[in-house]
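The primary structure of each chain is shown beneath.
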Amino acid sequence: PLNSVKGTLVFDFDEKGLEIKVEGNKSLEWFLDLDSAKKDNLPFQNINKKFIKSSFEGTDYLIETGKGIFSKPNNETIFRIAPEKNSIDLNLSRKQ
């Protein structure tokens, strides 16, 4: 359960992806930011609205979103994911 607002943040993982949603509060506006103290050597190369191109140890891959929108709101944030219809659905299994 969430402490500051009504609802429950639910993470559902499997071998191909991740779904994140808030249950019990359809009016909540939320997002997830990825921040890092060290900005060098991160795998994220190109951040687009529906996917992120990445490379790690010689393997190129995509992080795609079926539901949700990627953005780069400022120089401090690596990227932001905002939900669509209160849900984020990420495909983590696609190589480039």
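Residues numbered from 1 in each chain as written. Predicted model: local features only at pLDDT ≥ 70, side-chain atom pairs only at ≥ 80, totals over all residues. Heavy atoms only, no water.

Looking at this model, I keep getting lost on the environment of Ser87. Mind explaining?
On the secondary structure map, Ser87 appears in strand S9 (residues 87-95). Sequence separation of Ser87 and Glu19 is 68 residues, and the distance between their C-alpha atoms is 7.1 Å. The residues touching Ser87, leaving out its near neighbours within four places in the chain, are Glu19, Ile20, Lys21, Trp30, Lys67 and Gly68. Reaching out from Ser87, the side chain makes a polar contact with the side chain of Glu19 at a distance of 3.4 Å. (Helix = DSSP H or I, 4+ residues; strand = E, 2+ residues; numbered from the N terminus. Contact = heavy atoms within 4.5 Å. Polar contact = N/O pair within 3.5 Å; in protein donor to acceptor, adjacent residues only side chain to side chain.)

I would appreciate a short explanation of the pairing of strand S5 (residues 51-56) in the present structure.
Here is the key point about a regular strand: its side chains alternate between the two faces of the sheet. The pairing of strand S4 (residues 44-47) with S5 spans three bridges and is antiparallel. The partner of Asn46 across the bridge, within S5, is Lys53. Alignment of S5 against strand S6 (residues 59-67), held across six bridges, turns out to be antiparallel. Of the residues in S6, the one forming a bridge with Ser55 is Asp60. Linking S5 to S6, which pair antiparallel, is a turn of two residues; within it Glu57 sits at a positive phi near 50 degrees. (Pairing = 2+ DSSP bridges.)

Where do I start with the packing of aromatic side chains in this structure?
Aromatic ring pairs are defined here through the distance separating the ring centres and the angle between the ring planes. Here the structure, examined in full by the defined rule, presents three aromatic pairs. Summarising the aromatic geometry, the rings of Phe11 and Phe13 are spaced 6.4 Å apart at their centres and angled 15 degrees between planes, so their arrangement reads as stacked. Note on Phe13: relative accessible area 56%, which makes it exposed. Geometrically, the ring pair formed by Phe70 and Phe79 is edge-to-face, given 5.7 Å between the ring centres and 85 degrees between the ring planes. The exposure classification of Phe70 matches that of Phe79, with both residues buried. Following the ring pairs from residue to residue traces out a cluster consisting of Phe44, Phe70 and Phe79. (Phe/Tyr/Trp six-rings, centres within 6.5 Å; stacked < 30°, edge-to-face > 60°. Buried < 20%, exposed > 50% of the residue type's maximum accessible area, 1.4 Å probe, protein only.)

Just to check I follow, could you spell out the sheet that holds strand S7 (residues 69-71) for this structure?
Pairing between sheet strands relies on hydrogen bonds along the backbone, with the strands arranged either parallel or antiparallel. The three strands are arranged S3-S8-S7 in an open sheet whose pairing can be described as antiparallel. Looking at the sheet topology across the chains shown, the edges are occupied by strand S3 (32-35) and S7. Each neighbouring strand pair of the sheet contributes to a mean axis angle of 20 degrees, computed without reference to strand direction. Of the strand pairs in this sheet, S3 and strand S8 (residues 77-82) are connected by four bridges, and their pairing is antiparallel. Within S8, the position partnered with Leu32 by the bridge is Ile81. (Axes fitted to C-alpha atoms, helices over the stretch in contact; angles between N-to-C directions.)

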